[in-house]
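Here's the letter readout for the chains.
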Amino acid sequence: MTHSADHFLAWLRDAHAMEVQAISQLRSQIGRIESYPDLKARLHQHLGETEEQERALKALLDRTPQGHSALKDITSRLSAAAQGVGTLFSAAEVVKASMAAYAFEHTEIATYRVLIAAADELGDQEARQVFEQILGQEIAMANWLERQIDTVTRLYLMRDERDLQARR
Ligand SMILES: [Fe+2]
């Protein structure tokens, strides 16, 4: 393979690992949240999107033997990655979790912008289309979270002042 194809494959593999991680984070958040139904519902919707994204990236990796074998060592890559953002997500109350989710969506947005440029350089229209579609979903989620952070913070403070369950 050329250097560009190597880089593309490495970024694609990282993106796939990122979405696998996102699925487990979203599941744990959805399981925890009790008092913020709008947030819970939107996370649930994004979980469905994320599961589709993971399948689409896996299909792109499966197109080549190098990509297919890259899928095999995903478990070891994930265990290292999960100690970063994953811990932040699971330990945090709802305000911190919203901040982490917002930041994470922007990591995803940056990832797909890189992949779109790389796919374009390589003339890989199939991959480019997949990344464009995923990018749209990540931007929509980031925009929703951006609007929601104000509401969640005020609701958290209000509930906590009244000694209602506020953390999740
Ligand atoms: Fe996302």
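Residues numbered from 1 in each chain as written. Predicted model: local features only at pLDDT ≥ 70, side-chain atom pairs only at ≥ 80, totals over all residues. Heavy atoms only, no water.

J.: I'd like a rundown of the overall build of the protein chain, residues and numbers included.
T.: Secondary structure summary: the protein chain contains six helices and zero strands in total. Ordered by position from the N terminus, the helices and strands of the protein chain form the series α-α-α-α-α-α. The buried share of the protein chain, taken over its 168 residues, is 43%. Within the protein chain, residue pairs in contact and separated by at least 24 positions form 78% of the contacts whose partners lie at least 6 positions apart. Looking at the protein chain as shown, the accessible area adds up to about 9000 Å², and 54% of this sits on carbon and sulfur atoms. (Helix = DSSP H or I, 4+ residues; strand = E, 2+ residues; numbered from the N terminus. Buried < 20%, exposed > 50% of the residue type's maximum accessible area, 1.4 Å probe, protein only. Contact = heavy atoms within 4.5 Å. Areas by Shrake-Rupley, 256 points an atom, 1.4 Å probe, with all protein chains shown as cover.)

J.: For the nonpolar core, give the residues involved together with the corresponding values.
T.: In terms of nonpolar packing, the biggest core is built from 23 residues, with Phe8, Leu12, Leu57, Tyr112, Leu115 and Phe131 touching the most fellow members. Breaking this core down by element, the ones donating at least two residues are α1 (3-32), α2 (37-61), α5 (94-122) and α6 (125-161). When neighbours within four sequence positions are excluded, Leu57 is seen to be in contact with Leu12, Ala15, His16, Glu19, Tyr112, Phe131 and Ile134. In this structure, Tyr36, Val95, Leu145 and Tyr156 belong to the second largest nonpolar core, which totals 17 residues. (Core = buried A, V, L, I, M, F, W, Y, C linked by side-chain atoms within 4.5 Å.)

J.: Report on the coordination of the iron ion, specifying residues and quantitative values.
T.: Within the protein, the iron ion binds to His46 (NE2), Glu105 (OE), Glu105 (OE), Glu108 (OE) and Glu138 (OE); these donor distances fall in the range 2.1 to 2.7 Å. Taking the relative accessible area as the measure of exposure, Glu105 reaches 5% and is therefore buried. (Donors = N, O, S within 2.8 Å, 3.2 Å for Na, K, Ca; no water.)

J.: Before we move on, could you go through α6 and cite the residues and values that matter?
T.: The end-to-end C-alpha distance of α6 is 53 Å, a good match for the 54 Å that 37 residues give at a rise of 1.5 Å each. Along α6, the sharpest kink reaches roughly 35°, centred on Gln148. Immediately beyond the C-terminal end of α6, within one or two residues, lies Asp163, with a positive phi of roughly 60°. (Expected span 1.5 Å × (residues − 1). Bend = angle between axes of the 7 residues up to and from the residue.)

J.: Lay out the packing of α5 against α6 with the relevant residues and their values.
T.: For the pair α5 and α6, the least separation of the axes is 8 Å and the interaxial angle reads 160°. Accordingly, the angle class assigned to the pair α5 and α6 is roughly antiparallel. Helix-helix and strand crossings are classified by hand; for α5 and α6 the assignment is left-handed. (Axes fitted to C-alpha atoms, helices over the stretch in contact; angles between N-to-C directions. Parallel < 35°, antiparallel > 145°, perpendicular 65-115°, else oblique. Left-handed = near helix turned anticlockwise from the far one by under 90°.)

J.: Can you lay out the confidence of the model for the protein chain for me, pointing to particular residues and giving the numbers?
T.: When pLDDT is averaged along the protein chain, the result is 89; 88% of the residues meet or exceed 70. The secondary structure element of the protein chain with the lowest average pLDDT is helix α4 (residues 74-91), at 55, and the one with the highest is α2, at 97. (pLDDT = per-residue confidence, 0-100.)

J.: Provide a residue-level description of the pattern of salt bridges, including the pertinent values.
T.: Using the criterion set out here, one finds eight salt bridges in the structure. Here Lys58 makes a salt bridge to Asp62, at a shortest N to O gap of 3.6 Å. Note on Lys58: relative accessible area 36%, which makes it partly exposed. What makes Asp62 partly exposed here is its relative accessible area of 33%. For Arg154, the salt bridge identified is with Asp150, shortest N-O distance 2.7 Å. In this pair, Arg154 and Asp150 both sit in helix α6, four residues apart, roughly one turn of the helix. (Salt bridge = Lys/Arg side-chain N within 4 Å of Asp/Glu carboxyl O.)

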